[in-house]
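Here are the chains, one letter per residue:
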Amino acid sequence: FLSLIPPPTYNKVHESSISCHHLATEFPSEDILLVTASPVIKAVTNFKQVSKTLEEFDVEEQPSTMLEKRYPNIKVIESGVKQLKSQEHKIFTEDGKQCIYEKLCLCAGAKPKLIFEENPYVLGIRDTDSAQAFQNHLAKAERIAVVGNGGIALELVYEIEGCEVLWAIKDKAIGNTFFDAGAAEFLIPKLTAEKLETAIACKRTKYTTEGCEKEEGSVAAADKLGTALGPDWHEGLHLKGTKEFSHKVHIETLCEIKKIYLQQEFKQLQKTSLSFPKDSSDNQNLWPVYMELTNGKIYGCDFIVSATGVVPNVKPFLDGNNFTLGEDGGLKVDKHMHSSVADIYAAGDICTASWEPSPVWQQMRLWTQARQMGWYAAKCMVADFLGESIDMDFSFELFAHVTKFFNYKVVLLGKYNAQGLDLDHELMLRCTKGQEYVKVVMQNGRMMGAVLIGETDLEETFENLILNQMDLSAYGEDLLNPNVDIEDYFD
Ligand SMILES: Cc1cc2nc3c(=O)[nH]c(=O)nc-3n(C[C@H](O)[C@H](O)[C@H](O)COP(=O)(O)OP(=O)(O)OC[C@H]3O[C@@H](n4cnc5c(N)ncnc54)[C@H](O)[C@@H]3O)c2cc1C
Ligand SMILES: NC(=O)C1=CN([C@@H]2O[C@H](COP(=O)(O)OP(=O)(O)OC[C@H]3O[C@@H](n4cnc5c(N)ncnc54)[C@H](OP(=O)(O)O)[C@@H]3O)[C@@H](O)[C@H]2O)C=CC1
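For clarity, every value in this text was computed on a predicted model and none was experimentally measured.

Rules used throughout
- Residues numbered from 1 in each chain as written.
- Chains lettered and ligands numbered in written order.
- Predicted model: local features only at pLDDT ≥ 70, side-chain atom pairs only at ≥ 80, totals over all residues.
- Heavy atoms only, no water.
- Salt bridge = Lys/Arg side-chain N within 4 Å of Asp/Glu carboxyl O.
- Phe/Tyr/Trp six-rings, centres within 6.5 Å; stacked < 30°, edge-to-face > 60°.
- Helix = DSSP H or I, 4+ residues; strand = E, 2+ residues; numbered from the N terminus.
- Buried < 20%, exposed > 50% of the residue type's maximum accessible area, 1.4 Å probe, protein only.
- Lys NZ or Arg CZ within 6 Å of the ring centre and 35° of its normal.
- Near = heavy atom within 4 Å.
- Polar contact = N/O pair within 3.5 Å; in protein donor to acceptor, adjacent residues only side chain to side chain.
- Areas by Shrake-Rupley, 256 points an atom, 1.4 Å probe, with all protein chains shown as cover.
- Nonpolar A, V, L, I, M, F, W, Y, C, P; charged D, E, K, R; others polar.
- Domains from an automatic or database assignment.
- Pairing = 2+ DSSP bridges.
- Axes fitted to C-alpha atoms, helices over the stretch in contact; angles between N-to-C directions.
- Contact = heavy atoms within 4.5 Å.
- UniProt positions renumbered as here; feature names shortened; annotations may be inferred.
- Buried area = accessible area lost by both parts, 1.4 Å probe.
- Lys, Arg positive; Asp, Glu negative; His and termini not counted.

1. Some words on the pattern of salt bridges
Argument step 1. Following the criterion strictly, the structure yields 18 salt bridges and no others.
Argument step 2. Two residues, Asp95 and Lys97, come together in a salt bridge whose shortest N-O distance is 3.1 Å.
Argument step 3. One salt-bridge network, in which partners are shared between bridges, spans Lys103, Asp343 and Asp384.

Written out as structure tokens, the structure reads:
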């Protein structure tokens, strides 16, 4: 979302509640306006700084009025912004209000980048409503297709039970946004194993909104501006189809969807063209929808989930305003989270970080970064008001993300996939099947990144090694030797 402050007093704005907290505390006598299309805010609770850059926290949905109760100088306007007139320092909301700001921070997130968006059998997951709609449709499904190979797809294929999943990915191996092929191979057995284990200790998110009803026969969720889900979003859902088995995932690699046919169309084509392919699976049921893949295969299913990334939600703010956009369509921001338009900052999924980054940091549209950016943007706004200078926040020194895939703890550090590194980099691996996968990316004897899957307990040591860029050539492969207590060496 987005927040701002109206004159006559000076204004600070922030998008997410996180910046609001900071602004409200720094300027208790000033008005801070939070304008949001969503009736809930996502509050970060139980925040824990695990190490210098790694953090853990819970995400809780709370009514946005909670903020007003806690901070008397915050006022929440629950309405979408439909227009921004930056020259006049004004925003206009859907419910007909105008607000003047002195400083504004845009935090309107991103939208799912759906393939075949117009097709009513293609569905995306972004917020509470779309997740609830997905759950409702899954409850009646025997077979669904998941397209995409990033965070949402990885979580879905593991969490869904009692429903066949056809997983179509562009790459050779699963999880391309987070892993290399080695890590993918380590994880794959979890997809075929019966799910007997209990979940590892995990963070939680609360879901309070009831699902929106679908139009008869189609599955597409309403186009609302909800708040993106976060860690453990599926914990409160019942992701089960109509069958009694646990996992049944079929992966089609190196392909994309070429065309989608509705049942009638498919039946017609089968009748009129003898060469038109049959469903490529054993199950020749008639399905509501069919997807034709670029590898020539056709599969029928109840519906298709497009987990194909996001696009920054910039549209309401562009018209008449001279924003510079990044290649990914986000609002470009400098090292003080300032956009190219005077007095407008941006943070979170909506922005494109355009400063010269640390050699071991990159932007990824994640909760962690949205929180850090929101917090830092508020600090920058405060510094700007007070005419003070401010250094880049330490959290942007090193990319660090802790998450969970296939019930394993996953820690990603720095250039964990050798992103942007010259070919002279080397990889070192240590893997114990079913237990842990450790990969480090080395360049000129220095550690540049790491992927840690399982309870490796190495994150703090490796974080330090990446941050201090110590020459590790002398240690050679001992760096990952399980018999060498590497933590004692370097802590
Ligand atoms: C299913 C799913 C699972 C995820 N899991 C993880 C995870 O495990 N770990 C992780 O780090 N990240 C995860 N993410 C990513 C994470 O949720 C986002 O990166 C993060 O929420 C971005 O925060 P944001 O504040 O920029 O945007 P959002 O959280 O999307 O918030 C944007 C807000 O702006 C409001 N808004 C939009 N347009 C307007 C407008 N015109 N006027 C007023 N208000 C507006 C919306 O209502 C919303 O409240 C997940 C995302 C999804 C979809
Ligand atoms: N645990 C976590 O940290 C989680 C984080 N998230 C975050 O939520 C956001 C949304 O998640 P998600 O939608 O999974 O996005 P991601 O960006 O994680 O993944 C998108 C995937 O879709 C692929 N893709 C893009 N276009 C097509 C296409 N036309 N056909 C087939 N595949 C395509 C991408 O491939 P390519 O990269 O080659 O373009 C990529 O594999 C992301 O910011 C993600 O980081 C979501 C869930 C869990």
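Read on for the rest.
2. A closer look at the packing of aromatic side chains
Argument step 1. This structure, assessed with the given rule, holds 15 aromatic pairs.
Argument step 2. Residues Tyr158 and Phe406 carry aromatic rings whose centres are separated by 5.3 Å and whose planes lie at 20 degrees to one another, so their mutual orientation is stacked. With Tyr158 in helix H4 (residues 151-159) and Phe406 in the loop between strand S23 (400-405) and strand S24 (408-414), this pair connects stretches of sequence that are 248 residues apart.
Argument step 3. The class of Tyr158 is buried, set by a relative accessible area of 4%.
Argument step 4. Relative accessible area serves as the criterion here: at 2%, Phe406 is assigned to the buried category.
Argument step 5. One residue, Lys103, lies across the ring of Phe385, its end atom 5.5 Å from the ring centre.
Argument step 6. The ring of Phe245 is capped by Lys248, whose NZ or CZ atom sits 5.3 Å from the centre of that ring.

3. Details of the site of ligand 2
Argument step 1. With respect to spatial proximity, 22 residues lie near ligand 2, and among them Ile152, Asn176, Arg365, His401 and Thr403 are the closest.
Argument step 2. Between ligand 2 and the protein, one listed contact pairs an oxygen atom with a backbone N or O atom of Gly151 at 3.1 Å.
Argument step 3. One of the backbone nitrogen or oxygen atoms of Arg365 is found 2.7 Å away from an oxygen atom of ligand 2.
Argument step 4. Relative to its free-state accessible area of 910 Å², ligand 2 is covered by the protein chains to the extent of 78%.
Argument step 5. Elements represented by at least two residues in the shell around ligand 2 include exactly H4 and S23.
Argument step 6. Here the residues of the shell around ligand 2 are counted per class, giving eight nonpolar, 10 polar and four charged.
Argument step 7. Here the shell around ligand 2 spans two domains, since at least three of its residues come from each of domain 1 (2-111 + 310-396) and domain 2 (114-306).

4. Examining the sheet that holds strand S17 (residues 298-301)
Sheet strands pair via backbone hydrogen bonds, and the direction of the pair is either parallel or antiparallel.
Argument step 1. Read across the sheet, three strands follow the order S15-S16-S17 without closing on themselves; strand pairing throughout is antiparallel. One side of each edge strand has no neighbouring strand; the edge strands of this open sheet are strand S15 (257-262) and S17. Along the sheet, successive strands turn relative to each other by an average axial angle of 25 degrees, direction set aside.
Argument step 2. Taken together, the four bridges between strand S16 (residues 289-293) and S17 define a ladder with antiparallel strand orientation. Residue pairing in the sheet places Glu292 in a bridge with Ile298 of S17.
Argument step 3. Lying over the sheet, helix H7 (residues 263-272) contacts S15, S16 and S17, oriented at roughly 95 degrees with respect to S15.

5. Concerning the UniProt feature "domain: FAD/NAD(P)-binding" (unreviewed entry) in the chain
Argument step 1. UniProt's feature table lists "domain: FAD/NAD(P)-binding" (unreviewed entry) at residues 42-230 and 289-374, given in the numbering used throughout.
Argument step 2. Structurally, residues 289-374 is divided into 14% helix and 29% strand, and its ends, taken at the C-alpha atoms, are 41 Å apart.

6. As for the domain arrangement of the chain
Argument step 1. Split into domains, the chain comes out as domain 1 (2-111 + 310-396), domain 2 (114-306) and domain 3 (415-490).
Argument step 2. In this assembly, nine residues from domain 2 lie in contact with 12 residues from domain 3.
Argument step 3. Summed over both sides, the interface of domain 2 with domain 3 buries roughly 750 Å², with 63% coming from carbon and sulfur.
Argument step 4. Sorting the residues of domain 2 by area buried against domain 3 places Phe178, Asp180 and Phe186 first, and these three jointly supply 59% of that buried surface.
Argument step 5. Where domain 2 packs against domain 3, one counts one salt bridge.
Argument step 6. Between Asp180 and Lys439 there is a salt bridge whose closest N-O contact spans 2.9 Å.
Argument step 7. For the interface between domain 2 and domain 3, the tally reads four residue pairs in polar contact (both at pLDDT 80 or more).
Argument step 8. When grouped by side-chain class, the residues that make up the side of domain 2 that touches domain 3 number five nonpolar, three polar and one charged.

7. Quick look at unusual backbone geometry
Argument step 1. The phi dihedral of Asp343 falls on the positive side, at around 65 degrees, and the residue is not glycine.
Argument step 2. Position of Asp343 among the secondary structure elements: in the loop between strand S20 (331-333) and strand S21 (344-346).

8. Quick notes on the side chain of Asp127
Argument step 1. Within the secondary structure layout, Asp127 lies in the loop between strand S11 (122-123) and helix H3 (128-138).
Argument step 2. Lacking a salt bridge, the buried Asp127 has Arg126 as its closest oppositely charged neighbour, with an N-O distance of 6.9 Å.
Argument step 3. Here Ser130 takes part through its side chain, which lies 2.8 Å from a polar atom of the side chain of Asp127.

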